[in-house]
Amino acid sequence: MKEFTHEAQPMRVVLRPGAAVTATPGEAERLGLRRLLVVSGPRGAQTARAVADALGAACAGLHTEARMHVPAEVADRAVETARGAGADGCVTVGGGSAIGLGKVIALRTRLPLIAVPSTYSGSEMTPVWGLTEHGVKRTGRDPSVLPRAVVYDPELTLSLPVPLTVTSGVNAVAHAAEALYAPDASPLVALTAEEGARAMTGALPGLAADPRDLDARGRALYGAWLCGTALGATTMGLHHKLCHVLGGTFGLPHAETHTVLLPYVLAHNAPAAPGAMTALGRALDTDDVPNALRDLTRRLGAPRSLAALGLSEDDLPRAAAAAVSATYPNPRPVTEAGVLAVLRAAHAGDAPDTAR
Ligand code: NAD
C-alpha cells in the first residue's frame, strides 16, 4: 500500500496566449481587488505597463525595481510604494525575481498576489519567499505569499532568449527531479513532476531552434506550471542546497548553476532513488537520465561545467563543507566526500558516473 499525505494549494491558474492583458483584470475582479500595484524588473517594465494599462482604474501604480534574490533595500522600497499607493493587491509581471519581490510585499503587508510569470522558475506555485540581507539570503514558507491566481501567457515568453529558455527550463526540471525523491511527495505530486519534466524537456529542443514557436512556448509553460507545483508541494534535497550555496556564497548565476549541476547530483542520488529515476527515464525516454540530461543541455548550447560559470577549483572544498552544514532530506546520505566528488565532476564537466 502507498501511504501518503497530500495538501492541495488553493489557487486559480489560467494559461492561454494573450492572458497577461486579457485575463489579469478578470482575475483581479474575481478576487475583489480594485487598487493593484504592478511589480516587475526594469527589463520587464514594458510588459508590466501593458498589464497596468489593461487593469485601467484598478491599477494603483507601477513599480519596476525588482532585482535577483530580493535585496532588503529593494524590498523595503517596494513595501513603502505599496503602502503609499494604498494598494489592496499586487500583480507581479516577470520571472522569479519579480515574483520574489511580490512575495515579500505580501509577507509584510498581507496583500494578495496575482503572478504573471515570464520564465520557467516556478516560484509562482510555491509558498516560499526569499530575502537577501547583508549578503545572506534567508528563505521561509508562509501561505500568505502563495499567489491567489497565476496567469500564464505564452506570448510573454516569446522574448526569452534561447540560453535563458534552456537554463530556466532545466531549472524547472530540477524541481520535478527532486520532488520525485522528496520524502513529502504524494502520488499526485509524482505524476505532476513526471509530466512536467516530459513537457519541458520535450519543448526545449524546438524552442532552441525557434524561440518564437508559440505552441512550444505553451508546452514549456505547461511544464513549468507542473514542475513548480511539484516544487511547492515538497522539500528539496542536495541539488537545491548546492545551488543555493553556489549562488549565495560564490555568486554563480541561478538557472545556469541548476543546469550544470543537475546531471551530477542525479547520478549521485540514482542508486538511492530508483523510483524517481524510473519516472524521469519515462519522461525523457532514456535509461540513463543523468547523461541524457547532460547531452540535451549541451546540444542546446547550455554552459558545460562549473568552471565555465567561473567557479575556481580551490572553492570546491568550501562549497562541499557549506552544503553539508545544514540538514535537509536527500535519498542518499549527504557526506562531505560525496558532495566534493559531485562538485569535482561538475567542475570538470566530465560525463556523470552512473556506475556507482
Ligand atoms: P529572473 O526573474 O531574475 O529573470 C532572469 C532574467 O531574465 C532577468 O534579467 C529578466 O529581466 C529576464 N527575463 C525574464 N523574463 C523574460 C522574458 N520573457 N523575456 C526576456 N527577458 C526576460 O530569474 P528567474 O530564473 O526567473 O528566477 C530566479 C529567482 O527566483 C532567484 O532569485 C531564485 O532564488 C528565485 N526562485 C524562487 C523560487 C521560490 O519558490 N521562492 C523558485 C524558483 C526560483
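Up top is the structure.
Within every chain, residues take consecutive numbers counted from 1 along the sequence as written. The predicted origin of the model limits local features to residues at a pLDDT of at least 70 and limits the giving and counting of side-chain atom pairs to 80 or more, whereas totals for whole chains, interfaces and linings rest on all residues. Hydrogen atoms and water are omitted, and side-chain values are computed over all heavy atoms in the structure.

Q: Mind showing me how you'd approach the overall build of the chain here?
A: Across its full length, the chain carries 14 helices and eight strands. The C-alpha atoms of the chain give a radius of gyration of 20 Å, which matches the 21 Å a tight globule of 356 residues would have. If one aligns the C-alpha atoms of the chain with their principal axes, the spans along those axes are about 60 × 45 × 40 Å. For every residue, the accessible area obtained with a 1.4 Å probe (protein chains only) is divided by the maximum for its type, and the residue is called buried under 20%, exposed over 50%, and partly exposed between those limits. Of all 356 residues assigned to the chain, the portion counted as buried reaches 55%. Within the chain, residue pairs in contact and separated by at least 24 positions form 76% of the contacts whose partners lie at least 6 positions apart. Only the protein chains shown count as covering a residue, and every accessible area follows the Shrake-Rupley method with a 1.4 Å probe. Summing over all exposed atoms, the chain offers an accessible surface of approximately 14,600 Å²; the carbon and sulfur share of this is 53%. Secondary structure elements follow DSSP: runs of H or I of four or more residues count as helices, runs of E of two or more count as strands, with numbering from the N terminus. It is over C-alpha atoms that the radius of gyration is taken, and the globule rule equals 2.2 Å times the number of residues to the power 0.38. Contacts were defined at the residue level, with two residues in contact if any of their heavy atoms lie within 4.5 Å.

Q: For this particular structure, what's the right way to read the layout of surface pockets?
A: Any empty space left between the atoms is revealed when a probe the size of a water molecule rolls over them. Lining residues are defined by having an atom within 4 Å of a point belonging to a cavity or pocket. Those points lie on a 1 Å grid over the protein atoms alone, cavities being sets where a 1.4 Å probe fits but cannot get out and pockets being open sets with protein on both sides within 12 Å along at least five of seven lines. Grid points are joined across faces, edges and corners, and a volume is the space filled by probe spheres set on the points. One number sums up the size of the second largest pocket: a volume of about 260 Å³. Breaking the lining of the second largest pocket down by element, the ones donating at least two residues are α7 (187–209) and α8 (214–233).

Q: Help me understand the packing of α7 against helix α11 (residues 274–284), please; the structure alone is not making it clear to me.
A: Angle between the axes and distance between the axes are the two parameters that describe a pair of packed helices. For the pair α7 and α11, the least separation of the axes is 8 Å and the interaxial angle reads 35 degrees. With respect to the hand of their crossing, α7 and α11 are arranged in right-handed fashion. Residues Glu-194, Ala-197, Arg-198 and Thr-201 of α7 form the contact with α11, whose own contacting residues are Ala-279, Leu-280, Arg-282, Ala-283 and Leu-284. Its residues assigned to classes, the contact of α7 with α11 comprises five nonpolar, one polar and three charged. In this description, a line fitted to the C-alpha atoms serves as the axis of each element, helices being fitted only across the stretch in contact, and the angle between N-to-C directions of two axes falls anywhere from 0 to 180 degrees. Note on convention: the crossing is left-handed when the near helix lies turned anticlockwise from the far helix by less than a right angle, right-handed when the turn is clockwise. Asp, Glu, Lys and Arg are counted as charged, while Ala, Val, Leu, Ile, Met, Phe, Trp, Tyr, Cys and Pro are counted as nonpolar; the rest, among them Gly, fall into the polar class.

Q: What is the right way to read the pairing of strand β6 (residues 128–133) from this model?
A: Every regular strand shows the same layout, with side chains that alternate between the two sheet faces. Taken together, the six bridges between β6 and strand β7 (residues 136–141) define a ladder with antiparallel strand orientation. Paired with Gly-130 across the two strands is Thr-139, which belongs to β7. Hairpin connection of β6 to β7: two residues between the antiparallel strands, including His-134 at a positive phi of 50 degrees. Two strands pair under a simple rule: DSSP has to find at least two bridges between them.

Q: Explain helix α9 (residues 238–248) here, please?
A: For an α-helix, 3.6 residues make a turn, and residues three or four places apart therefore share a direction. Extensive coverage of α9 is indicated by the burial of eight of its eleven residues. Every buried residue of α9 is accounted for by Leu-238, His-239, His-240, Leu-242, Cys-243, Val-245, Leu-246 and Gly-247. Taken together, the buried residues of α9 touch α6 (162–180), α8, α10 (254–269), α13 (316–323) and α14 (336–348).

Q: When you look at the packing of aromatic side chains in this model, what are you seeing that I'm missing?
A: The relation between two aromatic rings is expressed through the spacing of the ring centres and the mutual angle of the planes. For Phe, Tyr and Trp, where Trp contributes only its six-membered ring, two rings pair if their centres lie within 6.5 Å, and the inter-plane angle classes them as stacked under 30 degrees, edge-to-face over 60, or tilted in between. Throughout the structure, instances matching the rule amount to one aromatic pair. Measuring from centroid to centroid gives 6.3 Å for Tyr-222 and Trp-225, while their planes differ by 50 degrees, and the two rings are tilted. Of this pair, Tyr-222 and Trp-225 both sit in helix α8, three residues apart, roughly one helical turn. The partly exposed category is assigned to Tyr-222, whose relative accessible area is 30%. Residue classification places Trp-225 among the partly exposed residues on the basis of a relative accessible area of 29%.

Q: Looking at this model, I keep getting lost on the pattern of salt bridges. Mind explaining?
A: Pairing between side chains of opposite charge can happen when their charged atoms approach one another. A side-chain nitrogen of Lys or Arg and a carboxyl oxygen of Asp or Glu constitute a salt bridge if their distance falls within 4 Å. All chains considered together, the criterion is met by ten salt bridges. Of the charged contacts in the structure, one is a salt bridge between Arg-12 and Glu-27, with a shortest N-O distance of 2.8 Å. One end of the pair, Arg-12, is in strand β1 (residues 12–15); the other, Glu-27, is in helix α2 (residues 24–30), and 15 residues separate them in sequence. Overall, Glu-27 belongs to the buried group, its relative accessible area being 6%. Each of Glu-194, Glu-195, Arg-198 and Arg-282 takes part in salt bridges that share partners, so that together they form one network.

Q: Please clarify how unusual backbone geometry should be interpreted in this entry.
A: With the exception of glycine, most residues fall at negative phi, and the peptide bonds are largely trans. Positive phi is not limited to glycine here, since Val-70 has a value of about 45 degrees. Positionally, Val-70 belongs in the loop between β3 (59–63) and α4 (72–84). Given the relative accessible area of 5%, Val-70 is considered buried. Even without a glycine there, the phi angle at Asp-285 is positive, about 55 degrees. Counting through the fold element by element, Asp-285 comes out in the loop between α11 and α12 (289–299).

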